[in-house]
Protein chains: 2
Amino acid sequence: MTALDARPAVLGSTELAQVDALWRAANYLAAGQIYLMANPLLHEPLRPEHVKPRLLGHWGTSPGLNFVYAHLNRAILTHDLNAMFVTGPGHGGPALLANTWLEGSYTEAWPEVTQDADGMRELFKQFSFPGGVPSHVAPQVPGSIHEGGELGYSLAHAYGAAFDNPGLLVACVIGDGEAETGPLATSWHANKFLDPVRDGAVLPILHLNGYKIANPTVLSRIAPAELDALLRGYGYEPIYVEGSDPETMHQAMAAALDSAVADLAVIRRHHDRPAWPMIVLRSPKGWTGPSVVDGLPVEGTWRSHQVPLAEVRHNPDHLRQLEQWLLSYRPEELFDDHGRPVADVTALIPAGERRMGANPNANGGILLRPLTLPETAAHAVGVPAPGATLAEPTRALGRFLRDVFALNADRANFRLFGPDETASNRLDAVYDVTGKQWQAAVEPVDEHLSPDGRVLEVLSEHLCQGWLEGYLLTGRHGLFNCYEAFVHIVDSMVNQHIKWLRVHRQIPWRRPVASLNYLLTSHVWRQDHNGFSHQDPGFVDHIANKSSEVVRIYFPPDTNTLLEVAAHCLRSRDYVNVVVAGKNDSPNWLDAEQAALHCARGVSIWEWASTHTDREPDVVLGCAGDAPTLEVLAAAKILREELPELAVRVVNVVDLMRLQPEAEHPHGLGDREFDALFTPDRPVIFAYHGYPWLIHRLAYRRSNHAGMHVRGYTEHGTTTTPFDMLVLNHMDRFQLVIDVIDRVPGLVATAGVLRQRMTEAQGRHRRWIRVHGEDLPEIRDWTWEG
Amino acid sequence: MTALDARPAVLGSTELAQVDALWRAANYLAAGQIYLMANPLLHEPLRPEHVKPRLLGHWGTSPGLNFVYAHLNRAILTHDLNAMFVTGPGHGGPALLANTWLEGSYTEAWPEVTQDADGMRELFKQFSFPGGVPSHVAPQVPGSIHEGGELGYSLAHAYGAAFDNPGLLVACVIGDGEAETGPLATSWHANKFLDPVRDGAVLPILHLNGYKIANPTVLSRIAPAELDALLRGYGYEPIYVEGSDPETMHQAMAAALDSAVADLAVIRRHHDRPAWPMIVLRSPKGWTGPSVVDGLPVEGTWRSHQVPLAEVRHNPDHLRQLEQWLLSYRPEELFDDHGRPVADVTALIPAGERRMGANPNANGGILLRPLTLPETAAHAVGVPAPGATLAEPTRALGRFLRDVFALNADRANFRLFGPDETASNRLDAVYDVTGKQWQAAVEPVDEHLSPDGRVLEVLSEHLCQGWLEGYLLTGRHGLFNCYEAFVHIVDSMVNQHIKWLRVHRQIPWRRPVASLNYLLTSHVWRQDHNGFSHQDPGFVDHIANKSSEVVRIYFPPDTNTLLEVAAHCLRSRDYVNVVVAGKNDSPNWLDAEQAALHCARGVSIWEWASTHTDREPDVVLGCAGDAPTLEVLAAAKILREELPELAVRVVNVVDLMRLQPEAEHPHGLGDREFDALFTPDRPVIFAYHGYPWLIHRLAYRRSNHAGMHVRGYTEHGTTTTPFDMLVLNHMDRFQLVIDVIDRVPGLVATAGVLRQRMTEAQGRHRRWIRVHGEDLPEIRDWTWEG
């Protein structure tokens, strides 16, 4: 451990007074936000009506955050740093609101909250107040890229912001509560990937204030030597700042930051992975707040987590104690008569974009440069006729992405993220032009590892997601490729990102950022090596519940449509795009031009697969997803051959949100358009990639909803053949033909023999695979034209 | 580091030969499963038709797992251990299938797979074969409680199994891929909770085989000193077993296990947290497999992850290499002419329940003892008339759970899990009879911490979930209480648990286990301190997609119904029960008797809240959830007073799955029952706790679906008042009255004035809260009777 106590004081008396004044001012403002709706400067004695009727917010973490922020301001000024701030304990919103108001960035963002007494009153009142601002470090807070409401992602976001940002210092406060989460626990290892030269630096500040909501924290209660070993084992060189006496702590924190900055300056010169500096700040929870309330200790305990004095409006003792607490910061020394912070308070605040609330990286849209994309047509596979050629869709996408890397190499603003699945997902053409970033040891047998690779692979979906979010919110582009089933691991993270984008879109000074793009492959229908645990198409259902302004879902049925969709997603802004596509050899249905048209429409009739297109169809076969599309075409072929009089219309859906009413989603089809495709009253047999209920949930308001019969994945899975998966879930071609026969009025009577043959084919399949272990030759060799 | 090389050899030559024979036999059987469907003993030269047409499975991890299993067998025999095995790299299914077959537990479970040549052929063929067994350590594998398909949860499961199991040793192999995941990274800290005396022991075996699918692993590529610091920082004393020479490795592993067992015997004597022993096994990936294939290195690289020789059926070189590889294990020395393992192979295998495949803890239903539950009536709150009293539902549940702890104290078979939210969720009455288990340092100010507490609180939903799963699958009972929004963190884990239960239920020798019970509280409608990031009711949607045999969803509307539902869930088996309930003071609608009847029905008409019950209603007000129920009753009261001629029926749904058709879910109402409640054709205004589309998705087949108008959470949230949340999402009482007026034919004409007043009330609300920061007095003071 670094013995800070023995070091000479780094702060002269003036600087010490200034950093303390800044800290006191921020503490005053943080407490004021939780309690006051009037009398912000305490120019008159505090009365119950000055106090908010509902006391909401979290005091406990706020003084620690203010302490860190004040000292970072000093370090930025002293060392001319380009720094941003990630607040792990995001419920310490009052602290960040206080500091951005003090530095002026808040008033620049929200001019109505002026930097004077009126503005201070508004700052106080708006906090956690109806029509005001949330209690967390939400998008409304300038300088924030991390809301911190759901704990665990701060350090991943910080590393995401640092990639490809040489010269940027991302200071990341990690609460000791957050440190217990899984995502945070593995985020420490992000330093095995970050390049000290080409990337920025992350400075983790582990804030041990000892308590969560109601319990001590693990890291604050293990032996110091154990904690030290853990952090060194994670690859860091910890610097400890521990105590509660403000003056001692100011000196220690200033020295710690100076030391870390000096270390980083050296680290930045070499590609080798260093022991990165980090700071462990051990300070009391609710530091400087009420020490005892109603006879119980509060400062330094979990009781200061939210509102230390809870009965201020009704309990005169609490009211008096609140007033004493606020006055203990000596507001009269911090703000002038007009409520403006005095010179001593602002002396250590940097100017312009050096202020952390005004750092452009934290409003990434400002810095965003569009990607130069290759022509999709240049990567398109040849399709002389529908189904005449085969391709692996994601392999073609890999070539497209290779060119994206190449075309944007000088900007260094695109990355591919994956949990060790990029090659398995057949995107490995990208390794022609870039490597996998890796800072740990390399062995001769390794392939494609490099310290400055632009592909990030780690077996943690949480890290992939967190890195990508941080990367996007600081103005860059990316794609997360993932096994479909395991993307559920980040359900909760994407929730929070969607919520962030939803609010971000409504904030005038926040500029559009690149969309978060998922490529979900190795999907439910092709988990040949694995089985039931790897079969889950429900991420799309999860996404479909979220704000329609933000979410988009695509099911490209073949290679050329995948390319079109991918290009579209990479051009888009402020969305979460989910693209589900296969990696296995499969038929190409549309050539480049047709694919572009189909994707532009989002849904269209495939005339070439339909029959008797001059009249209303007897039945519509709908499909969304590559496996369902293949089965629908196989069924259509059977129908065409066996029931040539039947008018069959094939409709393919690539943009799933087209199915929703236009009032529900911007992509929703009007009812007339919907009826023009699916008819108002003919039977629709719809084969869908995922859980069938989603189609009903999207289409239940359509006039023909009662006519829709949806097949999909119904949670029947195991390790078996691709076709058997379809049979198990009643979405095989034979079943679809049976469904048509059963649903088209009068057809059972005339097509009974065909129906019987379809049932026999299902039985033949079952017997065959049990013996041979692979699908029937007629299934394996099936072609549309043959 | 413990210098094992310097130790004297612990294995004599016989024992060395035996453990090596056991290992070779298991390796032979693992490789055989991946490749062969005939000629299992290689009694004739290997021909293509002996080989499976689709080569599936994972070789890479299997020899390491076999190595550990063989040595654990020796240790069990030598030290008379009661041990079970958790396979983190669950894709090493062939290894566990091989070992359980060798020890006989597999044949006892599946008598058709005999312990002879015929059985061996079946063992080989069935693996990853249609109609056979999955590729992972699925429920079909005796001794397994952990499928290991989705990586990250092995160590949490192991600790869950060890709680309250003194004398049990849970050996847990953690792959170095899995070790990169967040949930695994934080699981190491579970040793801050486990009591060495009252709980069992966990022996983590970190298997560094160096590679994931296509990349090196982080922990295998950091400096040994860094790894050592990390593991010591996690609170373990690592013992290293490193190399590839079998003889040296056998001696090292035997010594390591002997050393760990000796340490554990000492540790078990004291409550103090020790440095727990663990083993680091560094061995080549695909150890003993083909070293070079097609000129590229395979053994010891990622290329051995799945199927090292991929073209065996068509490439004669591969075929010959496979034969050589299999023969390298000298099967003629391992199996007799009938295919039975010889005495040297079985010499170190323990007998009966000491075999890890036959340990009853891994088939927990065998050990399960029902909970003794208190009478719900004894905890019921008094309800002289509907809405006449208030209560905090979860606080009453806390008292009920307190008694569950007390009544089952001697069995030590119930635990409560929570991410630091048990007190916040108002269940703290449990601390009257038990504490929070805690093995780290304790300070004077702490409350309710104790080394043998039965409440587990850690700020990791992953750990809570993983511990509970491990606890349940080993035959105990539990409840996970969680903030509603953040339970999404375990979406993916519960997926896997549901899949496990789905298969487990179909296996005759697996006995029913206690259900996994969630109490979701601090829900979307009452996140007063937080805001948008804490508002997400979608977990229920996620669950509703899963196998209907397993999932149950309850929305008790008040305190007494919550008690009934909780008691029902704690008595149930093999389910995942999700219970959503509020913690804030709210009206009691039903007394104990009415609550029991209502919960038994799952849905019923609330006659007392309805009007003109002697005739068909003009409108049905449906509700599910506590906040929606309150709003529906408030709307019903307005309608009763303002439109006394209108026949209004109030229907409350406590068991959400009652809405599904009976063909879709065992709890589904028949269509006639549904129509009897909701009418076939009258307008239904349904107020639902979560995303409104779920109600449509459950009820779309009902005859009156077109008449259903659902209100719910539509992703409009922020930090605001409880009633404002309802207004923002259009589910407030005024809106519900407007909906009734708009939907009941002819009512707009006669009730236009009331409609206007409702709109005005909404406006009054909006203006009021912006000024006063709390809800209108008429909302706060509202009562049903008043």
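This one's a predicted model, so the numbers in the text were calculated from it and none came from an experiment.

A. Examining the domain arrangement of chain A more closely. All names here are of chain A. Here the domain parsing of chain A yields domain 1 (4-355), domain 2 (376-586) and domain 3 (604-780). The straight-line distance from the C-alpha centre of domain 1 to that of domain 2 is 35 Å. In this assembly, 30 residues from domain 1 lie in contact with 31 residues from domain 2. The set of elements that each furnish at least two residues to the side of domain 1 that touches domain 2 consists of helix 6 (154-162) and helix 7 (182-187). With six residues, helix 6 is the single largest residue contributor to the side of domain 1 that touches domain 2. A breakdown of the residues in the side of domain 1 that touches domain 2 according to their chemical character gives 14 nonpolar, nine polar and seven charged.

B. Structural detail: the interface of chain B and chain A. If you look at the interface, chain B gives 99 residues, while chain A gives 99 residues. Mapped by element, the contributors of at least two residues to the side of chain B that touches chain A are helix 7 (182-187), helix 8 (224-233), helix 16 (491-504), helix 17 (539-544), helix 22 (693-699) and helix 26 (752-772) of chain B.

C. Focus on the relation of the copies chain B and chain A. Overlaying chain B on chain A yields an RMSD of 0.0 Å, the required transformation being a rotation through 180° with an accompanying axial translation of 0.0 Å. Such a turn and shift between the copies fits a two-fold axis. Ranked by how close their C-alpha atoms come to the rotation axis, the residues of chain B are headed by glycine 182 of chain B, at 2.0 Å. The residues that chain B uses at the interface reappear at the interface of chain A in 100% of cases, marking a shared surface.

D. Layout of the sheet that holds strand 18 (residues 603-605) of chain A. All names here are of chain A. Taken together, the five strands give an open sheet; going across it, the order is 18-20-19-21-22, and neighbouring strands pair in mixed fashion. Since the sheet does not close on itself, it has two edges, and those belong to strand 18 and strand 22 (708-711), each with one partner. Strand-to-strand, the axes of this sheet are offset by a mean angle of 20°, without reference to chain direction. Across five bridges, the pairing between strand 19 (residues 619-624) and strand 20 (residues 648-653) is parallel. When the sheet's bridge partners are listed, glycine 622 is paired in strand 20 with valine 651.

E. The arrangement of the environment of proline 134 of chain B in detail. Looking at the element boundaries, proline 134 of chain B is found in the loop between helix 5 (117-126) and helix 6 (154-162). On the basis of neighbour counts, which here come to 27 C-beta atoms within 10 Å, the residue proline 134 of chain B falls in the buried class. With residues up to four places along the chain from it excluded, the contact list for proline 134 of chain B reads Gly531, Phe532, Thr718 and Thr719 of chain A together with Gly93 of chain B.

F. Inspection of the confidence of the model for chain A at higher detail. The predicted model of chain A averages 96 in pLDDT, with 99% of residues at 70 or higher. Model confidence for the complex is summarised by a pTM of 0.98, with the ipTM given as 0.97.

G. Region of interest: helix 8 (residues 224-233) of chain A. Among all positions of helix 8 of chain A, only Leu227, Ala229, Leu230, Leu231 and Gly233 of chain A are buried. Looking at the buried positions of helix 8 of chain A, the neighbouring elements they touch are strand 4 (236-242) and strand 5 (276-282) of chain A together with helix 8 of chain B.

H. Structural detail: the packing of helix 20 (residues 626-642) of chain B against helix 24 (residues 733-743) of chain B. All names here are of chain B. Here helix 20 crosses helix 24 at 55°, and the two axes come no closer than 8 Å. Here helix 24 runs oblique to helix 20, going by the angle between their axes. Crossing handedness for the pair helix 20 and helix 24: right-handed. Contact residues: helix 20 offers Glu631, Val632, Ala634, Ala635, Ile638 and Leu639, while helix 24 offers Arg733, Leu736, Val737 and Val740.

Procedures and definitions
- Residues numbered from 1 in each chain as written.
- Chains lettered and ligands numbered in written order.
- Predicted model: local features only at pLDDT ≥ 70, side-chain atom pairs only at ≥ 80, totals over all residues.
- Domains from an automatic or database assignment.
- Contact = placed C-beta atoms within 7 Å.
- Helix = DSSP H or I, 4+ residues; strand = E, 2+ residues; numbered from the N terminus.
- Nonpolar A, V, L, I, M, F, W, Y, C, P; charged D, E, K, R; others polar.
- Least-squares fit on C-alpha atoms with pLDDT ≥ 70 in both.
- Pairing = 2+ DSSP bridges.
- Axes fitted to C-alpha atoms, helices over the stretch in contact; angles between N-to-C directions.
- Buried ≥ 20, exposed ≤ 12 C-beta atoms within 10 Å, placed from the backbone.
- pLDDT = per-residue confidence, 0-100.
- Parallel < 35°, antiparallel > 145°, perpendicular 65-115°, else oblique.
- Left-handed = near helix turned anticlockwise from the far one by under 90°.

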